[in-house]
Amino acid sequence: MGLTRQYLRYGPAALFGLVGSARGNAAFVALRGERGRCVAVPACEHVFVWDTRKGEKVLILKGLKQEVSCLCPSPDGLHLAVGYEDGSIRVFSLLSGEANITFSGHKAAVTALQYDHLGGRLVSGSKDTDVIVWDVINESGLYRLRGHKDAVTQVLFLKEKNLLVTSGKDTLVKWWDLDTQHCFKTLVGHRTEVWGMALISEEKRLITGSADSELRVWDIAYIQEVKDPDEPESKKSKGSSPRAEDDAEDDETLELDEHPEERLIKCSKVGSIMREGRDRIVTLATDQTGKILACHGTDAVLEVFSVLSEEEVQKKVEKKMKKAKKKAKQNSEEEPERSVELSLQEEIQRVTNIRASSKIKSFDLILSPKGELKIVLLLQNNIIESYNLNLSAQVPQAVRVSKITIGGHRSDVRTLAFSSDNIAILSAAAESVKIWNRSTLQCIRTMDCEYALCSLFVPGDRQVIIGTKTGKLQLYDLASGSLVETLNAHDGAVWSIALSPDQRGFVTGGADKCVKFWEFEFVKDESSVQKRLSMKHVRILQLDEDVLCVRYSPNQKLLAVSLLDCTVKIFYVDTLKFFLSLYGHKLPVLCMDISYDGTLIATGSADRNVKIWGLDFGDCHRSLFAHDDSVMYLQFVAKSHLFFTAGKDSKIKQWDADKFEHIQTLEGHHQEVWCLALSPNGDYVVSASHDKSLRLWERTRELLVLEEEREMQREAEYEESVAKEEQPVVAGETQGETGLAGKKTIETIKAAERIMEAIELYREETAKLKEHKAICKAAGKEIPFPVNPILRAYGNITPSAYVLEVFKKVKSSELEESLLVLPFSYVPDLLRLFNEYIHLGSEVELLCRALLFLLKIHFGQITSNHMLVTVIENLKKTTISRVSEARDVLGFNMAGLQYLKREIEAKDEVTFFADATDRFEEKKRKRKKKEKMVLAVL
């Protein structure tokens, strides 16, 4: 076999230029115990935590590949649950920034996440229409709830009752009883998708927002609380819990029997609050206290409402009664018999509207104990704004406290360039040009510009030139950060700009069918003494079609021009005579580049192909199907025949133009890649995408072997196909409302394989041990037994202990799915081992969970197997005794903790009273002192 060509791998170095992605939601997080200062926002696959006061990034929670779609902080403020586009959920610790727990259950993007009030359970809703409840402490899934027919938009736990409310794009709001895991009520009062939902008034009211300007308000009445004094005794609902309602006797109300779904709650519409926005609700939420309600549509206005508490409602009603009585007296009527009621608009009052600088994508709010409302807005154009609202003011006005903008552009970056020393990176968008330091990734200059399409660093790296959509060339000085000169270069957009190899000038191509040649020159302004750099137009080449791209050959003899008629024309630079026409692309060539030695030209087109041509005769060496969408940018690596392409399919690919091989794919961007730039030394690639992010890729010293790369690609494809496989269908079984929380992934299959290998090792070792004993007996002396190297690595443990070790290493969230994949032939051995372990009292909780699951899924086969009857009998005895022991220990510990709690509370009360006495004495002394001073003055 001949020598294979070796390549160096390019790897991701950094993500920058992004403040926050508009796909997910913003959420306040408590870092170092301070609430309302730090905000977590999604940033492509990562989560950035920004300090709104300083405008600095304080923490990055690193993701894997998938884009973040949803965030939810835990009630204790120590963790952040992050939902991703592929349906996985990771729980990060905000102290360490590490992801401790991973849940895989959804098949599509997570759209809603919510913790219960204690933070022990997490509920997630997804685009796959399923709702899954997860146990955060045990790190496992509890159950899956099916019922929605479209994406779930919001999920809410009820504090007092074990109930869950979910809303979806199928126009339904569903109520779930989590004790019995079924949907007992569906609200069908919406004509369009329910986009948002919130609970207010101590969970006695539900507010839903859909595609119109109405916020519908629903009254929630828990059946056991409905006590009408006029009702006969038999009509009163019995029981004090949802479960008691289900088990109620036959003497239940006829009304409840007619509407069995109303046995737990009654939910009736009480009216609507009108929003000012006419479009659909995007986010509807309350603060943690439930006193403030806010919502926004697809525009830039956040509407804030105040919800009156029960005491405030009572006071208002009493006031109204007094007024009514006064009026009645004045009109000499009888006292009003009817009770006075507040209208919905009086109970939920509009506070103010906050207008942001751009469209709002999401928000979060927090009410400080002083009555000040802090609001953070994540905007569509890569900005985070925070506002303060003083609710105690007569007319509350929102004050913008901070705005985080410096870290990125407001719109998509359309052009990138590297300075000649590989240190500075230029990025330009529709509103500004930014210069970044490559090593620190800090933005060192921001200059306002028109809509930029192409750019270059002037030799010397002290000035930059931008070509704009309106046909202007803008020259900026980097030292002062000012616009030095603007020239009207073309009558249409300046699509391309290329520096001449002799560095004395440059060439531009525009939508006015012209190629213009420019030279740098020094001019003296009338006002200043010093000369400054300027651009002088020297020649023009008129063509028949719009010019999309221009490139010089390295020896400056040839100029390649890509035209709108799908061809590339090559001209001599000195005489501007026509030399070659490269035709073969079916759609216009959007990008091209000429290799360092001038022998090859590579062209990338909107027809998704890249063609490699010889520049001596214009022959097409090879046509490569490069991307799944238009090829947007192409550039050769310095001093090589390797080149990079960027496509609208969000991928960046590296190719070898000699061997026509695809070398590697740089995956990271989540939307179209508009442009890229290679550093002059070829060590760095920077790319810009529609997801607002800029990414830096670095050439590593790691060798890349093409065969290994292809193998890894095949493995990744296999793992993806495994995850997409449907669950096994059991004959005669219909899909119920509930199901297992987990899903089959490559991790669960690997875990099952590890268990199988461990059981096989256990079987082999026990058989060897029997043989060894027989040999020893026959020999009449002890013969040394060879220990298995795996068992020796674990510290000479027994084969059965090794199986337990493997079992303990299976992730809690993947246990059930792994056991589901396990063939039944391994189950009898597992049951015997479980009996042994539980008898010894090791890992009782984990083993009982696995045992009960195995009995559930293999019930028929286990009960029909006579060999397992004794094993099951023994398991029954040992399990019951060990579980009761564990329960006793837990009970004892709980009682001890409660005793300690009471002791501490009693001590605190004593100290509290002692403090109060000291304070009282202090006040007394101060008062006496004051009196003495007053007397002295008199």
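Residues numbered from 1 in each chain as written. Predicted model: local features only at pLDDT ≥ 70, side-chain atom pairs only at ≥ 80, totals over all residues. Heavy atoms only, no water.

A few words now on the overall build of the protein chain. Tallying secondary structure elements over the protein chain gives 13 helices and 57 strands in all. With respect to the principal axes defined by its C-alpha atoms, the protein chain has extents near 115 × 105 × 70 Å. Taking all contacts inside the protein chain whose residues are at least 6 apart in sequence as the whole, residues at least 24 apart take part in 49%. Roughly 47700 Å² of accessible area belongs to the protein chain as shown, and the carbon and sulfur atoms make up 51% of that amount. Side chains of the protein chain carry 128 positive and 138 negative charges; the gap between the two charge centres is 5 Å. (Helix = DSSP H or I, 4+ residues; strand = E, 2+ residues; numbered from the N terminus. Contact = heavy atoms within 4.5 Å. Areas by Shrake-Rupley, 256 points an atom, 1.4 Å probe, with all protein chains shown as cover. Lys, Arg positive; Asp, Glu negative; His and termini not counted. Charge placed at Lys NZ, Arg CZ, Asp CG, Glu CD.)

Taken together, the side chains of Arg 919, Lys 923, Lys 924, Arg 927, Lys 928 and Lys 932 present a region of like positive charge at the surface. Since its relative accessible area comes to 52%, Arg 919 is described here as exposed. (Patch = residues over 30% accessible without salt bridge, like charges linked within 9 Å, V, L, I, M, F, W, Y side chains within 5 Å. Salt bridge = Lys/Arg side-chain N within 4 Å of Asp/Glu carboxyl O. Buried < 20%, exposed > 50% of the residue type's maximum accessible area, 1.4 Å probe, protein only.)

Let us look at the nonpolar core. One finds Phe 807, Leu 819, Leu 831 and Phe 834 to be the most contacted residues of the largest nonpolar core, which totals 34 residues. Counting only elements with at least two residues in this core, the list comes to α6 (746-779), α8 (799-809), α9 (815-821), α10 (827-840), α11 (844-857) and α13 (869-937). Top element by residues in this core is α10. It accounts for 7 residues. One finds Leu 156, Trp 175, Leu 206 and Cys 267 within the second-largest nonpolar core, a separate group that totals 18 residues. (Core = buried A, V, L, I, M, F, W, Y, C linked by side-chain atoms within 4.5 Å.)

Right, let's talk about the packing of aromatic side chains for a bit. Scanning the model with the defined rule gives 11 aromatic pairs in all. Ring centres of Phe 571 and Phe 578 lie 5.9 Å apart, and the angle between their planes is 75°; this geometry places the pair in the edge-to-face category. According to the relative accessible area criterion, Phe 571 is buried, its value standing at 7%. Residue Phe 578 is classed as partly exposed on the basis of its relative accessible area, which comes to 46%. Arranged with centres 5.1 Å apart and planes meeting at 45°, the rings of Tyr 572 and Phe 579 form a pair that is tilted. Of the residues examined, Tyr 572 reaches a relative accessible area of 31% and is grouped as partly exposed. Chaining the aromatic ring pairs together yields one cluster made of Phe 506, Trp 518 and Phe 520. One cation-aromatic arrangement involves Lys 161 over Tyr 222; the distance from NZ or CZ to the ring centre is 4.5 Å. Taking NZ or CZ as reference, Lys 469 lies 4.4 Å from the ring centre of Tyr 451, over its face. (Phe/Tyr/Trp six-rings, centres within 6.5 Å; stacked < 30°, edge-to-face > 60°. Lys NZ or Arg CZ within 6 Å of the ring centre and 35° of its normal.)

For helix α3 (residues 310-330), which comprises 21 residues, the first-to-last C-alpha distance of 30 Å matches the rise-based estimate of 30 Å (1.5 Å per residue) to within 8%. By the burial criterion, the buried members of α3 are Val 313, Val 317 and Ala 328. Buried residues of α3 fall within an arc of 50° about the axis and therefore sit on the same side. Residues of α3 that are exposed and point more than 90 degrees away from the buried face comprise Glu 311, Lys 315, Lys 319, Lys 322, Lys 323, Lys 326, Lys 329 and Gln 330. On its buried face, α3 sits against α4 (344-347). (Expected span 1.5 Å × (residues − 1). Arc of directions from axis to C-beta.)

Moving on: the sheet that holds strand β4 (residues 46-51). As a general point, the strands of a sheet are linked pairwise by backbone hydrogen bonds and lie either parallel or antiparallel. Spatial ordering of the open sheet is given by β2-β3-β4-β5, a layout of 4 strands whose pairing is antiparallel. The open sheet has two free edges, formed respectively by β2 (27-31) and β5 (56-61), since each of these has just one partner strand. Averaged over neighbouring strand pairs, the angle between their axes works out to 40° when direction is ignored. Relative to β4, strand β3 (residues 34-43) runs antiparallel, the two sharing 6 bridges. Residue pairing across strands places Val 41 opposite Phe 48, the latter belonging to β4. (Pairing = 2+ DSSP bridges. Axes fitted to C-alpha atoms, helices over the stretch in contact; angles between N-to-C directions.)

Quick look at the pattern of salt bridges now. Side chains bearing opposite charge may pair, as long as their charged atoms lie close to each other. Taken as a whole and assessed by the stated rule, the structure comprises 38 salt bridges. Close ionic contact of Glu 816 with Arg 849 constitutes a salt bridge, the shortest N to O distance being 2.9 Å. With Glu 816 in helix α9 and Arg 849 in helix α11, this pair connects stretches of sequence that are 33 residues apart. Residue class for Arg 849 comes out buried when judged on its relative accessible area of 17%.

All right, on to the sheet that holds strand β13 (residues 140-145) then. Strand order in the open sheet formed by 5 strands is β10-β11-β12-β13-β57, and the pairing between neighbours is antiparallel. Every other strand in the sheet has two partners, leaving β10 (110-115) and β57 (738-739) as the edge strands with one partner each. As paired strands, strand β12 (residues 131-135) and β13 are joined by 5 bridges and run antiparallel to one another. Pairing of Val 131 across the sheet is with Leu 145, part of β13.

Right, let's get into a nonpolar patch on the surface. There is a patch of nonpolar side chains on the surface, built from Leu 740, Leu 820, Val 821 and Ile 857 and spanning about 250 Å² of accessible area. Tracing the sequence through the fold places Leu 740 in the loop between β57 and α6. On the basis of relative accessible area, Leu 740 is assigned to the partly exposed category, the value being 33%.

Attention shifts here to a negative patch on the surface. On the surface, Glu 160, Glu 202, Glu 311 and Glu 312 cluster together to form a negatively charged patch. Along the chain, Glu 312 turns up in helix α3.

Positive phi outside glycine occurs at Leu 576, with the angle close to 60°. With respect to the helices and strands, the residue Leu 576 is situated in the loop between β44 (568-572) and β45 (578-582). Positive phi outside glycine occurs at Glu 843, with the angle close to 50°. By the secondary structure assignment, Glu 843 is in the loop between α10 and α11.

Bringing the confidence of the model for the protein chain into the picture now. Of the residues in the protein chain, 92% reach a pLDDT of 70 or more, and the chain-wide mean stands at 87. For residues 225-258, every residue scores under 50 in pLDDT, and the model assigns this stretch 38 contacts once sequence neighbours within four places are set aside. (pLDDT = per-residue confidence, 0-100.)

By secondary structure assignment, the location of Cys 620 is in strand β49 (residues 620-625). C-alpha separation for the pair Cys 620 and Gly 896, spaced 276 residues apart in sequence, amounts to 83 Å. Discounting residues that sit within four places of it in the chain, Cys 620 has contacts with Lys 611, Ile 612 and Trp 613.

Our next topic: the packing of α10 against α11. How two helices sit against one another is set out by the angle between their axes and by the gap between those axes. Taken N-terminus to C-terminus, the directions of α10 and α11 make an angle of 150°; their axes are 11 Å apart at the nearest point. Considering only the axes of α10 and α11, their crossing is left-handed. Seen from α10, the contacting residues are Val 827, Leu 830, Leu 831, Phe 834, Tyr 837 and Ile 838; seen from α11, they are Leu 847, Ala 850, Leu 851 and Leu 854. (Left-handed = near helix turned anticlockwise from the far one by under 90°.)

Our focus in this paragraph is the side chain of Lys 174. When you line up the elements, Lys 174 lands in strand β16 (residues 173-177). Here Thr 186 takes part through its side chain, which lies 3.4 Å from a polar atom of the side chain of Lys 174. When residues no more than four places from it in sequence are discounted, the contact partners of Lys 174 are Gly 147, His 148, Leu 164, Val 165, Thr 166, Cys 183, Lys 185 and Thr 186. (Polar contact = N/O pair within 3.5 Å; in protein donor to acceptor, adjacent residues only side chain to side chain.)

The next point concerns the environment of Glu 885. Looking at where Glu 885 falls in the secondary structure, it is placed in helix α13. In this structure, the C-alpha to C-alpha distance between Glu 885 and Ser 581, residues 304 residues apart in sequence, is 87 Å.

A word on the environment of Ser 411. In this fold, Ser 411 is placed in the loop between β29 (398-404) and β30 (415-418). Sequence spacing of Ser 411 and Asp 691 is 280 residues, and the spatial spacing of their C-alpha atoms is 9.6 Å. In this structure, Ser 411 is in contact with Ala 429, Ala 430, Glu 431 and Lys 692, ignoring residues within four places of it in sequence. Reaching out from Ser 411, the side chain makes a polar contact with the backbone nitrogen of Ala 430 at a distance of 3.2 Å.

So, about the pairing of strand β39 (residues 505-510). Residues in a regular strand project their side chains so that they alternate between the two faces of the sheet. Burial of β39 is extensive: 6 of the 6 residues sit out of reach of the surface. Alternating residues of β39 divide into Gly 505, Val 507 and Gly 509 and Phe 506, Thr 508 and Gly 510, and every residue in both groups is buried. In terms of strand pairing, strand β38 (residues 494-499) meets β39 through 5 bridges, oriented antiparallel. Bridge assignment links Ala 498 to a residue of β39, and that residue is Val 507.

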